[in-house]
Amino acid sequence: MNIFTSLMNTARRKSPWVFHANAGSCNGCDIEFMTCLTPRYDAEQLGIHHEGSPRHADIIVVSGPVTRTTCEALETVYGQVPDPKVVVALGSCPATCNVFAGSPTIVGPLDRVLPVDVYVPGCPPRPDAIIAGLAEAAAILAGDKPRPVHSAAQPSIADSADSEA
Amino acid sequence: MSKIPLGPFHPALEEPYKIEVTCTGETITDAEITVGFNFRGIEWLAERKNYTQGIALLERVCGICSNVHTMMFCRAVESIGAIEVPERAKYIRVVMAEAERLHSHLLWAGVACNLIGFETLFMTCFSLREQVMDVLEGISGNRVNYAMNRPGGVNRDITDPASVLAAIRTIADVTTKQLIPVLTTDPTVRARCAGVGILTREDAIAYGAVGPMARASGIDIDLRKSAPYEAYDQLSFDVPVRQEGDVFARIVIRALEILESCKLIEQAIEMMPVGPIAGGLFPTVPEGEACVRIEAPRGEVIYYMASNGTDMPARVRVRTPTFANMPTARVMALGQGLSDLALIQASIDPCYSCTDR
Ligand code: SF4
């Protein structure tokens, strides 16, 4: 590892920038995510910075069960985040679709659309759990932690949703 | 003339929605909002789940006013089945509803401060909000989806009223001493908000605005007063109304409502009778239909429920306040500067996940 990569890795671990995409969530997870950045939890002490543009971000946090209408935009946003990137699934919704499972307007869970690296379970997860998830994502970014293996072939989105409707 | 599309994922937008503004120079001449990004088909799902599952489902319509939705669902069931709610449960519902209003308004005040670039106040609002979250968590065990309501009562009792009272008094104190003076007298807040995004009384009536939006435009509507439910008829409180109809008036209204909510919680805790908090087993819901409404933090919520006597509702219809308030964004934005758009939007306190369901 040359000095430049090790410098980059330190920067990635110490200062991960986060983009948050709401893929049809109920807001519960989103406000808890916002809460992380405020005085009591203060995720910024870990260098976590909430970034408004996906092009500047390292971590993309997705909440919500991925509705049909947000799916395409989500893929676009994912494409805009520069490599290396880590996807964090915030809450039960992107992990399992939660109570919305079976709805014809939902194409989730998230791993059908994007490769998910970190799951933060909970409905919604507590702010401390979210910060732990982000710290784990930062460790993956810096190469301190192995990335989970993503199963390649996922069922086609359109098939599964159409069969219900 | 230029068209600027924003969204669905945009730094200034908390939730996914699209807005396309037409501008001449910096001035907005037209604005068109597209919603539906949060459409999860909750009403469709509600017809396919039994009543117990329905409560958990409807709770997740909105993560900010989750208690409102379970309360509405339960009230609709209670109305169809003519189920009595014990007195104590009514007071607990009031405490939960008002605590939720507190956290919702503080959240909104924080977001608004963030948008006008007032970071310090944003952080103040959020640290104050944490105290409300402690109250909610202390009562229900959860920070967001409280699972407090059930048909015929509530699931948990308030076992430590003293700590709730203490927290509420601190919140009222900080609000009167810090929040309200800064919000109402600070030149930055005034410069950004006064005279911006005016919704006249006529427009508010024409568009059917509800909640703090209507009250900031001089319309005195509040279901807690005009059609009291639960224990609101036993409690005394004021409904703040302002005539200006601008963003500033909406800030003031919500700040004053924080104080009113504190007052309501204090009274409810003190007047709460002893007794059971819920009836027996989950009731069977007979055939019938019901339409119920309550005053949520953002305004009037209406639920329609039809039951065909099975264990699943035949129809659940949810109409949330943002649905009524959203179209007003267009009239408010016309003629305003582009840089004020985000603030005008936010002043509605929109909740698109409620609207889309
Ligand atoms: S996991 Fe729960 S709180 Fe989070 S978006 Fe889904 S329903 Fe809402």
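Residues numbered from 1 in each chain as written. Chains lettered and ligands numbered in written order. Predicted model: local features only at pLDDT ≥ 70, side-chain atom pairs only at ≥ 80, totals over all residues. Heavy atoms only, no water.

Caption draft 1: Focus on the overall build of chain A. Within chain A, the secondary structure is distributed over 6 helices and 5 strands. For chain A, the α and β elements follow one another from N to C terminus as α-β-α-β-β-α-β-α-β-α-α. Counting across all 165 residues of chain A, residues that qualify as buried make up 53%. For chain A, long-range pairs separated by at least 24 residues make up 80% of all intrachain contacts whose partners lie at least 6 apart in sequence. Total accessible area computed for chain A in this model is approximately 6800 Å², and 57% of it derives from carbon and sulfur atoms. (Helix = DSSP H or I, 4+ residues; strand = E, 2+ residues; numbered from the N terminus. Buried < 20%, exposed > 50% of the residue type's maximum accessible area, 1.4 Å probe, protein only. Contact = heavy atoms within 4.5 Å. Areas by Shrake-Rupley, 256 points an atom, 1.4 Å probe, with all protein chains shown as cover.)

Caption draft 2: Representation of the environment of Cys26 of chain A within the structure. In this fold, Cys26 of chain A is placed in the loop between strand 1 (17-22) and helix 2 (28-36). Here Cys26 of chain A falls in the buried class, since its relative accessible area comes to 9%. C-alpha separation for the pair Cys26 of chain A and Cys93 of chain A, spaced 67 residues apart in sequence, amounts to 9.2 Å. Discounting chain neighbours no more than four positions away, the residues touching Cys26 of chain A are Arg40, Arg60, Val61, Cys62, Gly63, Ile64 and Ser353 of chain B.

Caption draft 3: Structural view of helix 2 (residues 51-59) of chain B. Residues of helix 2 of chain B that are buried: Tyr51, Gly54, Ile55, Leu57, Leu58 and Glu59 of chain B. Taking the backbone nitrogen of Thr52 of chain B as reference, a side-chain oxygen 3.1 Å away marks Asn50 of chain B as the first, capping residue of helix 2 of chain B. (Polar contact = N/O pair within 3.5 Å; in protein donor to acceptor, adjacent residues only side chain to side chain.)

Caption draft 4: Region of the structure containing the site of the ligand. The immediate surroundings of the ligand are formed by 13 residues, with Cys26, Cys29, Ser92, Cys93 and Cys123 of chain A found nearest. Chains contributing residues to the immediate surroundings of the ligand are chains A and B. Elements supplying a minimum of two residues to the shell around the ligand: helix 2 and helix 4 (92-96) of chain A. (Near = heavy atom within 4 Å.)

Caption draft 5: Broad picture of the environment of Leu179 of chain B. Residue and element names in this part refer to chain B. Here Leu179 shows up in helix 6 (residues 161-185). In sequence terms Leu179 and Glu137 are 42 residues apart; their C-alpha atoms lie 23 Å from each other. Excluding residues that lie within four positions of it along the chain, Leu179 makes contacts with Leu106, Leu121, Cys125, Leu128, Val174 and Ile258.

Caption draft 6: Main features of the packing of aromatic side chains. Residues and elements named next belong to chain B. Going through the model one piece at a time under the given rule, you end up with 4 aromatic pairs over all chains. When the centroid spacing of 5.0 Å and the interplanar angle of 70 degrees are considered together, the rings of Phe122 and Phe126 count as edge-to-face. Residue Phe122 and its partner Phe126 are both found in helix 5 (residues 119-140); the two are separated by 4 residues, about one turn of the helix. Note on accessibility: Phe122 and Phe126 belong to one class, buried. Ring centres 5.0 Å apart and planes at 70 degrees place the aromatic pair Tyr229 and Tyr232 in the edge-to-face group. What links up through ring pairs into an aromatic cluster is the set Tyr229, Tyr232 and Phe237. Taking NZ or CZ as reference, Arg48 lies 3.9 Å from the ring centre of Trp44, over its face. (Phe/Tyr/Trp six-rings, centres within 6.5 Å; stacked < 30°, edge-to-face > 60°. Lys NZ or Arg CZ within 6 Å of the ring centre and 35° of its normal.)

Caption draft 7: Summary view of the interface of chain A and chain B. Taken together, the contact pairs 39 residues of chain A with 41 residues of chain B. Interface of chain A and chain B: buried area, both sides summed, is about 3100 Å²; carbon and sulfur atoms make up 65% of it. Of all residues in chain A, the largest losses of buried area upon contact with chain B belong to Ile31, Met34 and Val99 of chain A, amounting jointly to 18% of the total for that side. At the junction of chain A and chain B, the tally comes to 4 salt bridges. (Buried area = accessible area lost by both parts, 1.4 Å probe. Salt bridge = Lys/Arg side-chain N within 4 Å of Asp/Glu carboxyl O.)

Caption draft 8: Seen up close, the sheet that holds strand 6 (residues 287-296) of chain B. All names here are of chain B. Strand order in the open sheet formed by 3 strands is 6-7-8, and the pairing between neighbours is antiparallel. The sheet is open, and its two edges are formed by strand 6 and strand 8 (313-319), each paired on a single side. With direction set aside, neighbouring strand axes in the sheet form an average angle of 10 degrees. Across 6 bridges, the pairing between strand 7 (residues 299-308) and strand 8 is antiparallel. Pairing of Ser307 across the sheet is with Pro313, part of strand 8. (Pairing = 2+ DSSP bridges. Axes fitted to C-alpha atoms, helices over the stretch in contact; angles between N-to-C directions.)

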